[in-house]
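Observations on chain architecture
Letter by letter, the chains look like this.
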Amino acid sequence: MLLSDDHRAVQDAVRAFVQDQIAPKAAQWDKEHHFPAAELKGLAELGCYGVAVPTEYDGAGLDYLALAIILEEIGAGDGATSTVVSVNNCPVCSILMAFGNEEQKQEFLKPLARGDMLGAFCLTEPHVGSEAGGLKTTAVREGDDYVLNGVKQFITSGKNGDVAIVMAVTDKAAGKRGISAFLVPTRTPGYTVARIEDKMGQHASDTAQILFENCRIPARYRLGEEGQGLKIALSGLEGGRIGIASQSVGMARAAFEAALRYSKDRVAFGQPIFEHQVIQHKLAEMATQIEAARQLIWHAAALKDAGQPCLMEAAMAKLFASEMAEKVCSAAIQIHGGYGYVSDFPVERIYRDVRVTQIYEGTSEVQKILIGRALG
Ligand SMILES: CC(C)(COP(=O)(O)OP(=O)(O)OC[C@H]1O[C@@H](n2cnc3c(N)ncnc32)[C@H](O)[C@@H]1OP(=O)(O)O)[C@@H](O)C(=O)NCCC(=O)NCCSC(=O)CCS(=O)O
């Protein structure tokens, strides 16, 4: 797919910012577990927080193809930063756009799209991951309020975020049709960060366990109708998967570029290792796999932008891109030899950062379920 001049301009602007402000700092953030608030602000000013949100709601007024391009660029600079931005766009802003009422859009979508607020998405629970319909967190109606109780797990920006979209059971007897979605400002009493996970990678973003203990929110913070929660969550994850696939390509590209550079510097058997066919063919395969994933993503994004169904294509893109990215990052380590296994070179960090893309926002196994269903 060829990019328009407008999409190229977006790509150039975000790439310049990321390569100047983010990529050079990523290793230090990883070591210090530093949340890059200032650089995220810079990305928000570039319109990266609400890429596909219309300008009337303070978004960039672009499309999902632009979002895919942007998340690849941010992912190429730092995986963790791209996760924070990805979640804010999709599922958070995309859900508010699709299911929020006007009041909710004014109160939450506008600041989220501007970057004055940061969003989190609370679906997963300690004992409920892939089976999204099996949630245990409850929301009980009490007059004009709902009272939430339960635990949410692996929540990106659960600590640094300002508002969370939380899925909770409002009618146990109705099974997965008894789940509802709520907007919960994180300063609400009863919203507690119970722990910050000590992760393998992506140290610059916080991944939190959130405890809801008699967390009381006004009923006007319910998104959509009671019982629509699973549909709301799964529709948000459709675009989210395009985002995660895009950041995977960004991370794979960064690892590939580091390996290419290294192969031209490192000499063995009298010549740069790039001149050895075994290395050059490995790089050729890596470049081809990255481009194949990118095209799958852009195809899914183009379908979404055209208002066509893209559940299967988004699942294919995430499955292929995340699996590809781990293999490419592993090959990049191999090309670096022993230096690939130490933190002096970026590929060690990128490999740790990329591993989770096969897990969050739907594991590879879940993507295969979705693709299989679409084929059936
Ligand atoms: C494995 C699953 C796909 C199984 O799903 P179910 O069979 O339980 O659900 P369905 O019956 O397919 O769907 C329920 C309901 O939603 C509607 N739906 C589904 N997809 C869409 C969509 N893309 N757009 C609109 N509507 C949609 C569907 O039609 C049904 O509606 P009706 O009831 O018929 O009206 C599923 O459980 C699954 O995807 N599991 C993976 C969950 C996942 O990805 N979890 C990670 C979340 S990330 C997180 O919580 C924290 C990390 S972070 O910070 O990102």
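In the annotation of an unreviewed UniProt entry, the chain is listed under the name Acyl-CoA dehydrogenase family protein and assigned to Roseateles rivi. The record in UniProt for the chain states the following under Cofactor (unreviewed entry): "FAD". The record in UniProt for the chain states the following under Sequence similarities (unreviewed entry): "Belongs to the acyl-CoA dehydrogenase family."

Things to note about the pairing of strand β5 (residues 179–185)
The buried count for β5 comes to 7 of 7 residues, which makes it a mostly enclosed element. Pairing of strand β4 (residues 163–169) with β5 involves 7 bridges; the strand directions are antiparallel. Across the sheet, the residue bridging to Ala168 is Ser180, located in β5.

Digging into the pattern of salt bridges
A full pass over the atoms with the stated rule returns 21 salt bridges. A salt bridge links Arg253 to Glu73; the shortest N-O distance between them is 3.0 Å. Linking Arg253 in helix α7 (residues 229–265) with Glu73 in helix α4 (residues 64–77), this pair joins segments that are 180 residues apart in sequence. Residue classification places Arg253 among the buried positions, given a relative accessible area of 8%. The class of Glu73 is buried, set by a relative accessible area of 0%. For Glu142, the salt bridge goes to Arg216, with nearest N and O atoms at 2.8 Å. On the criterion of sequence distance, the pair formed by Glu142 in strand β2 (residues 138–142) and Arg216 in strand β7 (residues 207–218) is long-range, its members being 74 residues apart. For Glu142, a relative accessible area of 38% gives the class partly exposed. Residue classification places Arg216 among the partly exposed positions, given a relative accessible area of 41%.

Some words on the packing of aromatic side chains
In this structure the tally under the stated criterion is 5 aromatic pairs. Centre to centre, the rings of Phe108 and Tyr221 are 5.2 Å apart; their planes meet at 80°, and the pair counts as edge-to-face. Of the two residues, Phe108 sits in helix α6 (residues 102–114) while Tyr221 sits in the loop between β7 and β8 (222–223), which places them 113 residues apart along the sequence. Neither Phe108 nor Tyr221 differs from the other in exposure class; each is buried. Cluster of aromatic residues (ring-pair linked, three or more members): Tyr262, Tyr339 and Phe345. Looking at Lys264, its charged tip hangs above the ring of Phe274, at a distance of 5.0 Å from the centre. Its guanidinium or amino end placed over the ring of Tyr64, Lys304 lies 5.1 Å from that ring's centre, counting from NZ or CZ.

Focus: a positive patch on the surface
On the surface, a cluster of positive charge is contributed by Lys176, Arg177, Lys231 and Arg373. Among the secondary structure elements, Lys231 is positioned in helix α7. Look at Lys231 and you get exposed, because its relative accessible area is 57%.

Considering the packing of α7 against helix α8 (residues 277–305)
To characterise two packed helices, one gives the angle between the axes of the helices and the distance between these axes. Across the interface, α7 lies against α8 with an axial gap of 10 Å and an inter-helix angle of 160°. For the element pair α7 / α8, the angle class is roughly antiparallel. Viewed along their axes, α7 and α8 form a crossing whose handedness is left-handed. Contact with α7, carried on its side by Glu238, Gly239, Ile242, Ala245, Ser246, Val249, Ala252, Arg253, Phe256, Ala259, Leu260 and Ser263, involves Ile279, Leu283, Met286, Ala287, Ile290, Ala293, Arg294, Ile297, Ala300, Ala301 and Lys304 of α8 and no other residues of that element.

Comments concerning the environment of Lys31
Structurally, Lys31 is set in helix α2 (residues 26–32). C-alpha separation for the pair Lys31 and Lys327, spaced 296 residues apart in sequence, amounts to 24 Å.

Overview of the site of the ligand
In the neighbourhood of the ligand, 24 residues make up the surrounding shell, with Thr124, Ser130, Arg177, Glu238 and Arg373 lying closest. Lys176 is positioned such that a nitrogen or oxygen atom in its side chain is 3.1 Å from an oxygen atom of the ligand. Note that a nitrogen atom of the ligand is positioned 2.7 Å from one of the side-chain N or O atoms of Glu238. The fraction of the free accessible surface of the ligand (1100 Å²) that becomes covered by protein chains is 78%.

What counts and what doesn't
- Residues numbered from 1 in each chain as written.
- Predicted model: local features only at pLDDT ≥ 70, side-chain atom pairs only at ≥ 80, totals over all residues.
- Heavy atoms only, no water.
- UniProt positions renumbered as here; feature names shortened; annotations may be inferred.
- Buried < 20%, exposed > 50% of the residue type's maximum accessible area, 1.4 Å probe, protein only.
- Helix = DSSP H or I, 4+ residues; strand = E, 2+ residues; numbered from the N terminus.
- Pairing = 2+ DSSP bridges.
- Salt bridge = Lys/Arg side-chain N within 4 Å of Asp/Glu carboxyl O.
- Phe/Tyr/Trp six-rings, centres within 6.5 Å; stacked < 30°, edge-to-face > 60°.
- Lys NZ or Arg CZ within 6 Å of the ring centre and 35° of its normal.
- Patch = residues over 30% accessible without salt bridge, like charges linked within 9 Å, V, L, I, M, F, W, Y side chains within 5 Å.
- Areas by Shrake-Rupley, 256 points an atom, 1.4 Å probe, with all protein chains shown as cover.
- Lys, Arg positive; Asp, Glu negative; His and termini not counted.
- Charge placed at Lys NZ, Arg CZ, Asp CG, Glu CD.
- Axes fitted to C-alpha atoms, helices over the stretch in contact; angles between N-to-C directions.
- Parallel < 35°, antiparallel > 145°, perpendicular 65-115°, else oblique.
- Left-handed = near helix turned anticlockwise from the far one by under 90°.
- Contact = heavy atoms within 4.5 Å.
- Near = heavy atom within 4 Å.
- Polar contact = N/O pair within 3.5 Å; in protein donor to acceptor, adjacent residues only side chain to side chain.

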